[in-house]
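A closer look at the structure
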Amino acid sequence: MSERQEWSIEIEGMTCDGCAAGMDRAFGELAEVVASKTSYDEGRATVVTEASLGGDDLKAAVEGKGYRVRAITARASSTGEGASREGVDYDLAIIGSGSAGVAAAIKAAESGKRVAIIEAGTLGGTCVNVGCVPSKTLIRAAEARHRAATTPFAGIETSAAGVNFAALIRQKDELVAELRQAKYADVLAAYAGVTVIEGHARFAPSGELAVDGEPIRAASVLIATGSSPAIPPIEGLADTPYLTSKTAMELEALPEHLVVIGAGYVALELGQTFRRLGSRVTVLARSRLLSSEDPDVGDALFGFLSDEGVDIRLATSATRVEHTDGRFSLQLRGPEGETTLDADQLLVAAGRRPNTAGLGLEEVDIELGDSGEIRVDEHLRTTRAGVFAAGDVTGDPAFVYVAAYAGNLAGDGAINGVGRRYDTSIVPGVTFTDPAVASVGLHEHAARERGIDVVVSKLPMSYVPRAIAARDTRGFIKLVADRETKLLVGAQIVAPEAGELIQQAVIAMKFGIRTDQLAGLLYPYLTTAEGFKLACQTFGKDVAKLSCCAA
């Protein structure tokens, strides 16, 4: 029996039923096409092919008729000989189609293996659909509006026009659809050995994996189901229409007053964005801002966000939430005692939790951690033989680049045998506020707690010529080094270009470059990168006594 795939192709440019019939004739000219049905009314073609036919061939057939492919996806065929899932064997079955899952699929497919990606929701996972891509699009739009209203250059007239919020959301949705197609659907379609199966995966007590109750046989399994917003156990909250990071970016109208529960990177990024778009914003921080970062970072960001009108309540928690007549009422406990707060929208951004429920993991003795994460070893193997896990579901840093790295490693281990070790000892992170926050390694207090004899350099951006010329000297570069070896153990940066600066610290830590060596490198003048050199010089010199370009 031969493997087959069923392709769903959205086609633009057809003008009549004759166009659809002509499209079916074009598909029929491909030897690997078993059957096709094109509908002009739906603008869609359903094509059943042998698995050896890739999406590029079908796309070429559409474009050869003068039409355009808007979207193309594949799944295991439910029609024809050999189409039953029970009769299909895979070298690797992957649960989840986010960054980790797709990276693993590509790794396996490049080795000539047969791969099934099982997805119960939307192809592409968190980052492209409801995380990095849509949030950064809105952040950029809010930044552009803010800059227009607050440019510091005297004599330049600026204005901040009102925001067409609905149009902004539509543009965000269009970009998400384009990138999901280009970076996930099209990429997977290019590998003949990869089949996307829509449905819910679950392990049976026997250890057999099933999709919507139908068994699927695979030599190895990778769990890459990601994570979801965590909802704190606040009295009454579950009975209200609160927002999450996903639904906040689906609103049709800008909130008048948005209250944000949480003070991590998601809470602060979206809080500042909505403030800059015109909403009144209140942030409730259970302790301080970005509590896992150096306290200097949170303190600096508190000042910058407060200057923009964000109302930040430190050491304040919501104890009860009610929703009546379209309004939220929150009971708060904080430094001022018991208070109340009203708003028309409530965003819960209090962290994330691994997506492990409903997979039947307890049935097959796959061990979970205290937060529901799948426990894995240094090769990303779970406690069940033949089953791997990668990405957010393991409780590791919820960054798309970490998930992609983990997926590639797990996919390699699953099909070729374990070899490489999973190493997240040096992972940079960026919070896309303005100014941004970037960090890697240990901050000063954490390093001292570990018994490291550290020396610290903290350079205000007001000493960086590029920042002075740009009239934006907000923030600092803080470096933490081992006093004896002069090797960096951590870096924390608050600056508009913090995300662009942090990789210098990552490279230095990875390859053991000393701070005095960095200070001796040639940096081009009037670049933000030069600030890193100055910060390294500050370990041994008073930067205030250096002229421009001083070596």
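Preceding this section is the structure that the text describes.
A brief look at the structure comes next. All values derive from a computational prediction rather than experimental measurement.

**Focus: the overall build of the protein chain**
Check the secondary structure of the protein chain and you find 15 helices and 25 strands. At 26 Å, the protein chain has a C-alpha radius of gyration in line with the 24 Å of a compact globule built from 551 residues. Its C-alpha atoms give the protein chain principal-axis dimensions of roughly 80 × 55 × 50 Å. Looking at the 551 residues of the protein chain, the share that counts as buried comes to 48%. By sequence separation, contacts in the protein chain at least 24 residues apart represent 65% of the contacts at least 6 residues apart. Summed over all atoms, the accessible surface of the protein chain reaches about 25100 Å², with 48% contributed by carbon and sulfur.

**A closer look at the pairing of strand E18 (residues 345-348)**
Burial of the side chains of E18 extends over both faces: Gln345 and Leu347 are buried on one face and Leu346 and Val348 on the other. As paired elements, strand E12 (residues 257-261) and E18 share 4 bridges and run parallel to each other. Bridging across to E18, Ile261 finds its partner in Val348.

**Quick notes on the packing of aromatic side chains**
Summed over the entire model, instances satisfying the criterion amount to 3 aromatic pairs. Between Phe165 and Phe274, the aromatic rings sit 6.0 Å apart at their centres with planes inclined by 45°, giving tilted as the arrangement. Separated by 109 residues along the polypeptide, Phe165 in helix H6 (residues 165-189) and Phe274 in helix H8 (residues 265-277) bring together distant segments of the chain. Here Phe165 matches Phe274 in class, with each residue buried. Seen in terms of ring centroids, Tyr405 and Tyr422 are 5.3 Å apart; in terms of plane orientation they differ by 20°. Their pairing is stacked. Highlighted residues: Tyr405 in helix H10 (residues 400-416) and Tyr422 in the loop between H10 and strand E21 (429-431), separated in sequence by 17 residues. Under the relative-accessibility criterion, Tyr405 is labelled partly exposed at 29%. A cation over a ring is seen here: Lys458 above Phe476, with NZ or CZ 4.4 Å from the ring centre.

**Examining the sheet that holds strand E23 (residues 454-460)**
In sheet architecture, strand pairing relies on hydrogen bonds along the backbone and comes in two forms, parallel and antiparallel. One open sheet holds the 5 strands; their spatial order is E21-E22-E25-E24-E23, and the pairing between them is antiparallel. What marks the edges here is a single partner per strand, and that holds for E21 and E23. Going from strand to strand, the sheet's axes swing by 10° on average, the running direction of each strand aside. On top of the sheet, helix H9 (residues 295-307) reaches strand E22 (436-441), E23, strand E24 (476-482) and strand E25 (488-495); it is set at about 180° to E24, its chief contact.

**Side note on helix H15 (residues 530-537)**
Counting buried residues along H15, 8 of its 8 residues qualify, which places the element largely inside the surrounding structure. Where H15 is buried, its residues meet E23, helix H12 (465-469), E24, E25, helix H13 (498-511) and helix H14 (515-519).

The rules behind each value
- Each chain carries its own residue numbering, running from 1 in the direction its sequence is written.
- Given that this is a predicted model, residues contribute local features only at a pLDDT of at least 70 and side-chain atom pairs are listed and counted only at 80 or more, while totals for whole chains, interfaces and linings are drawn from all residues.
- Based on all heavy atoms of the structure, the side-chain values leave hydrogens and waters out of the count.
- Labels follow the DSSP assignment, with helices taken as runs of H or I lasting at least four residues and strands as runs of E lasting at least two, numbered in each case from the N terminus.
- Just to be clear, the radius of gyration here is over C-alpha atoms, and the globule rule we use is 2.2 Å times residues to the power 0.38.
- Here the term buried applies to any residue with accessible area under 20% of the maximum for its type, exposed to any over 50%, and partly exposed to those in between, with areas from a 1.4 Å probe on protein chains only.
- Contacts are assigned to residue pairs that have any heavy atoms within 4.5 Å of one another.
- In these tables, accessible area is a Shrake-Rupley quantity obtained with a 1.4 Å probe, and a residue counts as shielded only by the protein chains included in the view.
- By the convention used here, strands pair only if DSSP detects at least 2 bridges between them.
- Stacked, edge-to-face and tilted are the three classes for Phe, Tyr and Trp ring pairs, Trp counted by its six-membered ring, which pair at centre distances within 6.5 Å; planes under 30 degrees apart are stacked, over 60 edge-to-face, the rest tilted.
- In this scheme, Lys NZ or Arg CZ marks a charge over a ring once it lies within 6 Å of the ring centre and within 35 degrees of the ring normal.
- Convention adopted: a line fitted to C-alpha atoms gives each axis, helices being fitted over their contacting stretch, and angles between N-to-C directions are expressed from 0 to 180 degrees.

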